[in-house]
Structure formats: structure tokens, C-alpha cells
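Survey of secondary and tertiary structure
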Amino acid sequence: MSETDCTLHAAARGWDFGPWLGRFYPEDLPPEWRLSYYSNEFSAVVVPPALSETQAQCLLGALEEGGAPRFHLELPWRAGRGAPVLGGRLATQRMGFAGAVVPCEALPPPGAVAHLEAGGVPVCLELPGPPDEPLRQIALGRGFSLCWTEGGALRCDGDWAVSRWSGGADPRGLRGALERVLATNAKRGLLVVDGSPPDLEALRTATTLIGLLGY
């Protein structure tokens, strides 16, 4: 698939981290300005489920304004728990999100997926392994995408491929990770840089590589 056929972004999981102060954010930058500062360099961010009051206010303000960055909401899903929902004040701004990613530590039951409510935004279920046919049929019937890793390759059913990276600023490894996303032939690709905090240089390297790859 060529760069004209899909979009590809790299995103940190979160944007407000103490260790980033002085390394990325200026020491005197007010906390409520950090999201705007982040968006000057990076095109996407994954919004974690737990936000402070200041972070939530910044996010709501950015959603109301529109534009960059592309926000992807992470909806937590744990084995034995009910389907995640998009609730509270964020629900009123749900259409400002580019999508919702749902990391699953176990294959979710098809019945729960049938009742997953994400407010009308695109959804990608990140699975620990291949889906069974009932799960696949229900998810795709609802317009959700499914992603999992199998034999070292990223697999995707649907329009949106999501992968995670926590390997540091390794250009060769990051290029391989991005190419695995592209190899799914999904219309949208997202590489999430994980970590506490995410590796800034890995995020920068991934962003540079996306540009060099023509996306």
C-alpha cells in the first residue's frame, strides 16, 4: 500500500511526565500548556484512562479547538471485567477523538464486544493472539478493527493497525516496527511508544522515519 492510500502516525502514551520536564518541556512551562507544546512536535497522542484534573481540562480544551494532535483514547479492558465505555465529560467530546484503542490481556468474550460502547469513534482491539471466529464476526460487524502479533508479524482485520513499541530509540528496530504496521495494508496505522515515561528519542526517531517513508 502506498503513502497515498493510508495514514501513519507515532504517538506517546500520555504527554505529561515529570522526567520530561527540562528534557522536553521547559522548566517554567505551566502544566496546562504541556499538551499544546507536545502538539508542536508530534502529530498524535494516546490518552491514558487515568487523567489528573489539569490534564483532563487541557484535553477537553484541545478537543474543543480541534486540529493537532490526533487524540486516541485508550479504553482499559481486563479479563473478567465488563466492556469499557467512554463516559463522563469526555463522552461529550467523543467525536474529537481520532479513535479508541483497547488493549486486551485476554481474548474478550464476543458478547462483551457486542456491547462495547465507544461513542461512535473508530475502535481497534489489541489482542494477545488470533481471534476466534465468533469474536471476529461480531467485531468486524460493528466496524471494529482487530490487531495481534503472530509469528513475529503484526496481523490486522479491519481498517486500523495499532502496534506498541518500548524498545528505545533504535532506528532499525523502529523502521521494522513501522513496516510491520504498513504490511497489514490497513488504511490507518498507529505506532504507540509505551513506557513510564515513553522514550522521547524513540518517539522522535519514529516520527522522522514516518516522514522519510513518505507518510
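Heads up: the structure comes first, above all this text.
Here's what I pulled together on the structure shown here. These numbers were taken from a predicted model, which means no experiment stands behind them.

1. Here's the deal with the overall build of the protein chain
- Helix and strand content of the protein chain: seven helices and nine strands.
- Here the protein chain holds 215 residues, and the buried ones make up 48% of them.
- Counting only carbon and sulfur atoms, one obtains 50% of the accessible surface of the protein chain, whose full area is about 10,100 Å².

2. Focus on the environment of Gly189
- If you trace the backbone, Gly189 turns up in strand S9 (residues 188–193).
- Take Gly189: its relative accessible area is 8%, and that puts it in the buried class.
- Here the alpha-carbon distance between Gly189 and Leu178, two residues 11 residues apart in the chain, equals 8.4 Å.
- In this structure Gly189 touches Thr7, Leu8, His9, Trp160, Ala161 and Val181, once residues within four positions along its chain are discounted.

3. A closer look at helix H6 (residues 171–182)
- The terminal C-alpha atoms of H6, which comprises 12 residues, lie 16 Å apart, in line with the 16 Å expected from a rise of 1.5 Å per residue.
- Of the residues making up H6, those classed as buried are Gly173, Leu174, Gly176, Ala177, Leu178, Val181 and Leu182.
- The elements touched by buried residues of H6 are strand S1 (7–13), strand S7 (153–157), strand S8 (160–165), S9 and helix H7 (200–212).

4. Concerning the layout of surface pockets
- The calculated volume of the second largest pocket comes to roughly 160 Å³.
- What lines the second largest pocket is a set of 12 residues, and nearest its centre among them are Leu35, Ser36, Cys58, Ala62 and Glu65.
- Looking at the lining of the second largest pocket, the elements that each hand over two or more residues are helix H1 (34–39) and helix H2 (53–65).
- Per-element tally for the lining of the second largest pocket: the top contributor is H2, with four residues.

5. Brief notes about the environment of Phe24
- Within the secondary structure, Phe24 sits in the loop between S1 and H1.
- You can call Phe24 buried: its relative accessible area is 6%.
- Leaving out residues up to four positions away in the same chain, Phe24 has contacts with Tyr37, Tyr38, Glu41, Phe42, Leu200 and Arg204.

6. What to know about the side chain of Thr205
- Position of Thr205 relative to the elements: it lies in helix H7.
- Within the structure, the side chain of Thr205 is placed 2.7 Å from the backbone oxygen of Glu201, a separation counted as a polar contact.
- Non-local contacts of Thr205, meaning those with residues more than four positions away in its chain, are made with Ala169, Pro171 and Leu174.

Calculation rules
Residues numbered from 1 in each chain as written. Predicted model: local features only at pLDDT ≥ 70, side-chain atom pairs only at ≥ 80, totals over all residues. Heavy atoms only, no water. Helix = DSSP H or I, 4+ residues; strand = E, 2+ residues; numbered from the N terminus. Buried < 20%, exposed > 50% of the residue type's maximum accessible area, 1.4 Å probe, protein only. Areas by Shrake-Rupley, 256 points an atom, 1.4 Å probe, with all protein chains shown as cover. Contact = heavy atoms within 4.5 Å. Expected span 1.5 Å × (residues − 1). 1 Å grid on protein atoms, 1.4 Å probe; cavity = no way out; pocket = protein on both sides within 12 Å on 5 of 7 lines; lining within 4 Å. Points joined across faces, edges and corners; volume = space filled by probe spheres on them. Polar contact = N/O pair within 3.5 Å; in protein donor to acceptor, adjacent residues only side chain to side chain.

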